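Working through the structure, step by step
The chain contents come next:
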Amino acid sequence: MSLPNFNNTFKSFWLSTCLCFMCFAPHILSAQSPLKDQLRDKKTLSEIMHVVDVYYAGKPDNWKGENGNEPRHKQWKRWEWYMSGRLGPAGEFVDIRGRILKAQHQVEKMSPPETRDINPFWFSEGPGSTDGSGIGRADRIAFHPSNPAIFYIGTPAGGLWRTTNSGTTWTALTDHIPSTGISGIAVSWADPNDIYILTGDGDSDLLGGFVDQFNYERKSIGVLKSTDNGVTWKQSGVLDTIPFLAFKLVQDPTDANVLLAATDIGVFRTANGGSSWINVLSDNVYDLEFKPGTNRAFAASNTAVYYSVNGGQSWNPASFDVGLSGARRIELAVTPINTARVYLLVGDVDAAGTYDGTYRSTDSGVSYVQRGTTPNILGNASDGSDNNDQVEYDHCMTVSPVNSNIVLTGAVRIWKSIDGGQSYTNSASGTHADVHDLAYNPLDGNLYACTDGGVYVSDDDGATWTGLLDGFETSQLYHMAGTLLQNDYLLGGLQDNGVKLKNGAGSFWDHVQSNDGFDVSFYPNDETRFYATLNKRAYRYSDGGATNTDITPPGGDSGGDYDWFGTIAAHVSDSDYVFVGYDDVFVSDDRGSTWTNTGASGSWSLATCPSNANRLYAAGATTFNTSTSGTLWRTDNLGDDGWFALHNNPGFPPPNTISKITDIAVGPTNANVVYVTIGGFTPGVKVFRSFFAGAGWENYSGSLPDIPINCAAVGSGGDVYIGTDLGVFYRNSVMDDWMPFNNALPNVPVTDLFINENEGRIYASTFGRGTWRTEIATDCPVSLVLGGSMTGNFLYQASDLITSTTNVDGGVGTSVHFKAGGRVILSPGFAAELHTVFTAYIEACGSGGIPESVQSEFQVEND
């Protein structure tokens, strides 16, 4: 991989991010970028974002730099939000992916509780269906070779999904694999039980999308393979040892053992069904296709297109009548009705950020001729009149299998041509914006679109669309709120899918408002009224969300550092009061009609106090790892007389040693009891507790792994739950350490928590698999009888006896542990399959973790 020609100082910064900044920096810092020169000697997050904020200050939200080829300010702020909680102890950029993988090995060794020895199961709470707008992002689609009702969807954060009834219902297949981002799928035409998935989320990396906020940069861990129709998974051969981005996986139509993978470091090829891979083309390759029915292959990078006549073993450059220098992404499309035709969708060659054109080959990819170049089918305008694009995030193309002149393209919207790409009309009505994949099912001719809102189908070449959203539980939630007024009521802020409300049992959520929903809060005395922040605005809702009012405080949309993604909290008892956190904390006593700036900073977290209506805690800052970062505040009169600074009090880590306070959780019956969670990678600096309203602090981190902590919730008995990038952890008042609390919870970051003690439940929002619930912690059982199949991560403990006939069969990502004080009996019928991890051992409840010697003796690992 080549780096831009920056000086050594900037190269050092670039490499120190371990490619995370490169997720979208090749676009941002292109040779034509005036921002590049200004960032040349900047090394820290604060330095970088100061330059960026000045550069974009006073510009419209959709402004893309002086040359029109840089991302909007929002993309930078998304990256800033993500990085601010994932810096090293000195504020340095670190290998985030590597540290998360290392932390996974620590989790199994954590001490269990002294009064709690079995985790309850987590159950999905949706959104499983919704009334409009979308439900969760879909990136890739692949079809069963002989049954048109069966197809597969890859998502950026929710894994692989399958339908067996044309999208009426969906099943998740990979909740517990190490990477839940899927950038490529190949279902073998020779045996559909053989399924290959190319892991990672290349699309998000390229734009630095809001998925990055919770460690969803999603580098690839290679190709996983299932030979039992998706029941279990194993790692295929290693593609490469350095982190890379992934985009596409295709299978040779003439040899089922040959597959090609497109990545940002080249094309990788296997000739033995994934046992080994070799790099056969070195370029930043976005797309691959095989000529239907042959082993002739095509590859497209950002500035070049190649063809192969031997199944990808070697490659030749194609020629063009119009040059492609400066393009940023090229997509391919082929059709079985005319196999000599190959189409290209070329994104953004000129400085204005517009569509460069559709190209077509009539000689099987040897040469291409430019077709139409207007309107701009890459932008947001429904008539193609703007000069915007986001080709590195969503860029796709397909051709009808029965008419080679019908071409459809996807970017922000879907466009259709009936004259071989010379002219286009908008064909996006009925779908969600931001289209990542378009494909015809070769068995029945139905057309499918994978979008930021989910999967859509058309049976008339894109004239009309129908959503296939029910049961597609892939929502990416930033925040969640519950209410004690009603059971089964939840409110969520979703990436790309706005604000949604769950107002009863089941998995249906009402769609309230579109855009990027962020923070949410119910009224204290009316579950049909609530507040939310979306992008740069704050809103008040009534009638269950049917009515909304913009209540953004003055200055909240002025281009300041934290006018994006504000925090919001309703008063605990007075419905007239509401609080919004940006660089400062704003208070309104008339439901947001007017505001008072009270100072402090609430850009990271706001917390009200159920037992003290006048007290409010806030955390925030405008810089990271400086003498003023990591600020924490308390007011005892709703900000009327100012705020007390808590971050310099005894026991709290110095502000310049932490990058971000991610959440504040207050005891439900005692407003003096407060917990603070810390982001970043500083060992032992994770959770802090005060019994004195922040006047003094205790480090409550215990032996938590070195991962960012995202959120916390406190029960009335002193039980504490925290959400992390590796699931939920639990600790009660008599435990001396934390324990994992993740049974059956998918392998996705937890972004918010809510305890409803009326129900005896705790709820968790995740970034990629919607919301989940489980029972609050209870005491250890004397004995357990376990059976059936187990896939995922489980820790079972009993004070005396565990008896099991379980089949531990999940493959890669499955880790099951039995711990009993007296005996563990593995009865006839018990089995632990290859590619799983299983341990069984004798130890008293609440003592120790899983001994390393036991792990090495009893694990069932890959051969």
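Below, the structure is looked at part by part. (Residues numbered from 1 in each chain as written. Predicted model: local features only at pLDDT ≥ 70, side-chain atom pairs only at ≥ 80, totals over all residues. Heavy atoms only, no water.)

We now examine the overall build of the protein chain. Across its full length, the protein chain carries eight helices and 67 strands. Looking at the protein chain as a whole, 64% of its 863 residues are labelled buried. Expressed as a percentage of contacts within the protein chain between residues at least 6 apart in sequence, the contacts between residues at least 24 apart total 53%. Summed over its atoms, the accessible surface of the protein chain is roughly 27200 Å², and 47% of this surface lies on carbon and sulfur atoms. (Helix = DSSP H or I, 4+ residues; strand = E, 2+ residues; numbered from the N terminus. Buried < 20%, exposed > 50% of the residue type's maximum accessible area, 1.4 Å probe, protein only. Contact = heavy atoms within 4.5 Å. Areas by Shrake-Rupley, 256 points an atom, 1.4 Å probe, with all protein chains shown as cover.)

On to the packing of aromatic side chains, then. The final tally for this structure, using the stated rule, is 33 aromatic pairs. Ring centres of Phe-143 and Tyr-448 lie 5.6 Å apart, and the angle between their planes is 50°; on these two criteria the pair is classed as tilted. Taken as a pair, Phe-143 in strand S3 (residues 140-143) and Tyr-448 in strand S29 (residues 447-451) lie far apart in primary sequence, 305 residues in all. Given a relative accessible area of 15%, Phe-143 falls into the buried group. Put simply, the rings of Phe-143, Phe-151, Trp-161, Trp-170, Tyr-448 and Phe-472 touch in pairs and so form one group of aromatic residues. Between the NZ or CZ atom of Lys-536 and the centre of the ring of Trp-564, over which it lies, the distance is 4.7 Å. The lysine or arginine in question, Arg-731, covers the ring of Tyr-700, its NZ or CZ lying 3.9 Å from the ring centre. (Phe/Tyr/Trp six-rings, centres within 6.5 Å; stacked < 30°, edge-to-face > 60°. Lys NZ or Arg CZ within 6 Å of the ring centre and 35° of its normal.)

Here the focus is the nonpolar core. Counting 37 residues, the largest nonpolar core has Leu-35, Trp-76, Trp-79, Met-83, Tyr-675, Ile-722 and Trp-738 as the members making the most contacts within it. A per-element tally of this core places helix H4 (residues 45-56) first, with seven residues. Formed by 28 residues, the second largest nonpolar core is a distinct cluster that contains Ala-428, Leu-447, Val-457 and Leu-468. (Core = buried A, V, L, I, M, F, W, Y, C linked by side-chain atoms within 4.5 Å.)

Bringing the sheet that holds strand S60 (residues 789-790) into the picture now. Pairing within the open sheet is parallel, and its three strands lie in the order S60-S63-S66. The open sheet has two edge strands, S60 and strand S66 (831-832), and neither has a second partner. Relative to S66, strand S63 (residues 807-808) runs parallel, the two being bridged by two bridges. Paired with Val-808 across the bridge in S66 is Ala-832. (Pairing = 2+ DSSP bridges.)

If you trace the four strands from one edge of the open sheet to the other, you get S48-S49-S50-S51, paired in antiparallel fashion. Strands at the two margins of the open sheet, each flanked by one partner only, are strand S48 (661-666) and strand S51 (698-699). Across two bridges, strand S50 (residues 687-690) lies against S51 in antiparallel orientation. Bridge pairing links Phe-688 to Asn-699 in S51.

What follows is about the pattern of salt bridges. Within the structure shown, the criterion is met by 25 salt bridges. The closest approach of N and O atoms between Arg-773 and Glu-125, which form a salt bridge, is 2.6 Å. Remark: Glu-125 occurs in strand S1 (residues 123-126) and Arg-773 occurs in strand S58 (residues 771-775); sequence separation between them is 648 residues. Since its relative accessible area comes to 5%, Glu-125 is described here as buried. A single salt-bridge network, built from bridges that share partners, covers Glu-125, Asp-488, Lys-502, Glu-759, Arg-761 and Arg-773. (Salt bridge = Lys/Arg side-chain N within 4 Å of Asp/Glu carboxyl O.)

On to the environment of Ala-318. Of note, Ala-318 is situated in the loop between strand S18 (316-317) and strand S19 (319-320). Residues Ala-318 and Val-366, 48 residues apart in the sequence, show an inter-C-alpha distance of 5.0 Å. Each residue touching Ala-318, except ones within four places of it in the same chain, is listed here: Val-305, Tyr-306, Tyr-307, Gly-365, Val-366 and Tyr-368.

So yeah, pure geometry; function would need other evidence.
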